[in-house]
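Take a look at the letters that make up each chain.
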Amino acid sequence: MNLLSKVNEIVEERRDSFIALSNRIWEYAETKFEEHQSAEVICKLLEQEGFRVQRNVAGIRTAFTASYGSGNPIIGLLGEFDALPGLSQREAAAYYEPIIEGGNGHGCGHNLLGVAPLAAVIAIKQIMKEQGLSGTIRYFGCPAEEGGSGKTFMVRDGAFKDVDCALTWHPASYSSVFSCSTLANYQVYFSFKGKASHASSSPHLGRSALDAVELMNVGVNYLREHIIPEARIHYAITNPGGASANVVQGEAEVQYLIRAPQINEVKAIYERVLKIAQGAALMTETEMIVTFDKGCSNFVPNHALGMVLNQHLQAVGLPAYEEAEHRFAMSMGETITKLDREAAVNEISKLTGQQPKRIVKKLGRFPFFSDVFSFVESNQLIYFSTDVGDVSWVVPTAQFFGASFVAGTQLHSWQLVSQGKTSIAHKGMLQAAKVLALAALDLLLNPDIVEQAKEELQEVTEGIYQSPIPLHIKPSAVK
């Protein structure tokens, strides 16, 4: 049996239903741990397809698994479906136009990310049934990748303990196996409580919590010079204490996101940030409360699985676009800056080891890249974080980027939201589904690759993993 032809046939036969599902999730645009409609619509479809669905995984209402088959190997496909706040945008518009001012939007393409592995497991199930293949295929419904690290909680609570290998993908403006490490992180809230008073008649009686937040931020800004250059510290004032200048703010809060290549480096920086916060509280005579929200580990690439993904990514190839899609892409490309494209080229250079000039030459019929970029083993660091990292520490894991957008489209942008409900994005999603299905079938048929991937993970990590999230911390959804 020609697996590529069979997978292609199954996915294309149901392409309209997969596209419709992706569009529904795009429209729901539900943010971290609130993806109730998105999760349920996927669960119901998988139940109709004969999968055994387990909801409320790790105590998270929007986390679930769906399994088909029995025995080993157990191959997991990871799906996401959460949106981002503040990125509402009308579809297929080459200009900024929010549907709801300040509303949510799928600025990272997770409406596509979640449906591609869904289409893949449905194709795999049909082939397993027809061919009498043994083993188990399992879809993981993973909420809150954006700002919630849902997978990290799922790993901590044992959701992946019996899985042999895991595969996933991410929509992008190019296609390549993801072979780099990422940044680990902590997300922590610092709340200050002081004493409100009249800012003019009795300021001496007040103790400003907002002053504490500002002093903390100043202190952390001075810290930046004295941490490793690969680290990142971001903050957002989540509660300024009010909107009246004539009131000494009695309470205020700031959120910090601390990133570094390894979780022990994150922890060391966090401890220094904590001391600064304590100093700010001391200077302002306020009370400080620390709320640890979430964390995630760096991604551990698995080259044995990366080669499998690369083989099938090359075989499936890139989508073919029609003239109308090229016209829309050209108009969208005009909104993407030269710096955006250079950032994408530099990212591809890290993944592939190719010189940026050579990559630029592959911008075929602008604005799409003309090739799938070849896989290379890499020790490079990519400057973003993903909770797939925690999965990769306990299960051999591989992922790839799939071309779904105009070249240079940045994640977390209105341009990406706009494209996420177009035929360009849909074609990328369906190509990704085929790659995932073929790679998973390859693992089911070749258990020696699974063992090789396990040996590699053991060698790299020495079997040591410690969750970045303490056991007493619950996801923000269930606090």
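Residues numbered from 1 in each chain as written. Predicted model: local features only at pLDDT ≥ 70, side-chain atom pairs only at ≥ 80, totals over all residues. Heavy atoms only, no water.

Across the interface, helix H3 (residues 36–48) lies against helix H4 (residues 110–131) with an axial gap of 11 Å and an inter-helix angle of 5°. Considered as vectors, H3 and H4 are oriented roughly parallel to each other. Contacts between H3 and H4 involve Ile42, Leu45 and Leu46 on the former and, on the latter, Leu118, Val121 and Ile122. Of the residues assigned to the contact of H3 with H4, the class counts are 6 nonpolar, no polar and no charged. (Axes fitted to C-alpha atoms, helices over the stretch in contact; angles between N-to-C directions. Helix = DSSP H or I, 4+ residues; strand = E, 2+ residues; numbered from the N terminus. Parallel < 35°, antiparallel > 145°, perpendicular 65-115°, else oblique. Contact = heavy atoms within 4.5 Å. Nonpolar A, V, L, I, M, F, W, Y, C, P; charged D, E, K, R; others polar.)

Okay, the layout of surface pockets next. One number sums up the size of the largest pocket: a volume of about 1000 Å³. At the level of elements, strand E5 (165–172), strand E7 (184–193), strand E11 (251–260), strand E12 (287–296), helix H10 (338–352) and strand E13 (397–403) are the ones that each hand at least two residues to the lining of the largest pocket. Broken down by element, the residue count for the lining of the largest pocket peaks at 5 residues, all from E5. Its residues placed into classes, the lining of the largest pocket shows 21 nonpolar, 15 polar and 9 charged. Considered as a void within the structure, the second largest pocket measures approximately 320 Å³ in volume. Lining the second largest pocket are 15 residues; nearest its centre among them are Tyr186, Lys267, Ser467, Pro468 and Pro470. At the level of secondary structure, the elements contributing two or more residues to the lining of the second largest pocket comprise helix H7 (263–284) and E12. (1 Å grid on protein atoms, 1.4 Å probe; cavity = no way out; pocket = protein on both sides within 12 Å on 5 of 7 lines; lining within 4 Å. Points joined across faces, edges and corners; volume = space filled by probe spheres on them.)

Counting across every chain of the model gives 20 salt bridges. Between Asp293 and Lys32 there is a salt bridge, with its nearest N and O atoms 3.9 Å apart. With Asp293 in strand E12 and Lys32 in the loop between helix H2 (15–28) and H3, the pair connects residues that are 261 residues apart, well separated along the chain. Assessed through its relative accessible area of 5%, Asp293 is described here as buried. Here Lys32 falls in the partly exposed class, since its relative accessible area comes to 26%. Between Glu47 and Arg55 there is a salt bridge, and its shortest N-O distance comes to 2.8 Å. By relative accessible area, which is 35% here, Glu47 ends up partly exposed. Assessed through its relative accessible area of 34%, Arg55 is described here as partly exposed. Because the salt bridges share partners, they merge into one network encompassing Lys6, Glu9 and Glu130. (Salt bridge = Lys/Arg side-chain N within 4 Å of Asp/Glu carboxyl O. Buried < 20%, exposed > 50% of the residue type's maximum accessible area, 1.4 Å probe, protein only.)

Before going further, it helps to examine the pairing of strand E3 (residues 74–80). The buried fraction of E3 amounts to 7 of the 7 residues, a majority that puts the element mostly inside the structure. The two faces of E3 match: Ile74, Gly76, Leu78 and Glu80 on one face and Ile75, Leu77 and Gly79 on the other face are all buried. Here 7 bridges tie E3 to strand E4 (residues 135–142), and the two strands are oriented parallel to one another. Among the inter-strand pairings, Leu77 is bridged to a residue of E4, identified as Tyr139. Running through H4, the crossover from E3 to the neighbouring parallel element E4 is right-handed. Both E3 and E5 contribute to a ladder of 3 bridges, which runs parallel. Its bridge partner being in E5, Leu77 is matched across the sheet by Leu167. (Pairing = 2+ DSSP bridges. Right-handed = clockwise from strand over helix to strand, strands pointing away.)

A separate point is H7. When the terminal C-alpha atoms of H7 are compared, their 31 Å separation across 22 residues agrees well with the 32 Å that a helix rising 1.5 Å per residue should span. Buried residues of H7: Val266, Ile269, Tyr270, Val273, Leu274, Ala277, Ala280, Ala281 and Thr284, and no others. Along the long axis of H7, the arc covered by the buried residues comes to 155°, so they all point the same way. Exposed and facing more than 90 degrees away from the buried side of H7 are Asn264, Lys275, Leu282 and Met283. For H7, the secondary structure elements touched by its buried residues are E7, helix H6 (209–223), strand E9 (232–239), E11 and E12. Directly after H7, the chain includes Glu285, whose backbone phi takes a positive value near 55°. (Expected span 1.5 Å × (residues − 1). Arc of directions from axis to C-beta.)

Let us now look at the packing of H2 against H3. How two helices pack is summed up by the angle between their axes together with the distance between the axes. With their axes 9 Å apart at the nearest point, H2 and H3 run at an angle of 160° to one another. For the element pair H2 / H3, the angle class is roughly antiparallel. Remark: the crossing between H2 and H3 carries right-handed chirality. Residues Leu21, Arg24, Ile25 and Tyr28 of H2 form the contact with H3, whose participating residues are Gln37, Ser38, Val41, Ile42 and Leu45. (Left-handed = near helix turned anticlockwise from the far one by under 90°.)

This part takes up unusual backbone geometry. In this chain, Asn72 is followed by Pro73 through a cis amide linkage whose omega measures 0°. Summarising the element assignment, Pro73 is placed in the loop between strand E2 (64–70) and E3. Its identity is not glycine, yet Ser149 carries a phi of approximately 50°, on the positive side.

Bringing the nonpolar core into the picture now. Across soluble globular proteins, you tend to see nonpolar side chains buried next to one another. Leu77 and Ile137 are the most contacted members of the largest nonpolar core, which has 69 residues in total. For this core, the leading source of residues is helix H14 (residues 423–445), giving 14 residues. The residues touching Ile137, leaving out its near neighbours within four places in the chain, are Phe51, Ala66, Ser67, Tyr68, Ile75, Leu77, Val121, Ile124, Met128 and Ala440. Counting 66 residues, the second-largest nonpolar core is a separate cluster that includes Val220, Ala252, Ile359 and Phe373. (Core = buried A, V, L, I, M, F, W, Y, C linked by side-chain atoms within 4.5 Å.)

Since one α-helical turn is 3.6 residues long, residues separated by three or four positions face the same way. A rise of 1.5 Å per residue sets the reference length of helix H15 (residues 447–461), with its 15 residues, at 21 Å; its end C-alpha atoms lie 21 Å apart and thus fit the reference within 8%. Restricting attention to buried positions, one finds in H15 the residues Ile449, Val450, Ala453, Glu456, Leu457 and Thr461. The arc enclosing the buried residues of H15, seen along the axis, measures out at 125°, which places them on a common side. Of the exposed residues in H15, the ones pointing more than 90 degrees away from its buried face are Asp448, Glu455 and Glu459. If you follow the buried residues of H15, they end up packed against E3, E5, helix H8 (303–316), helix H12 (388–394) and H14. In the stretch just after H15, Glu462 is the one whose phi turns positive, near 60°.

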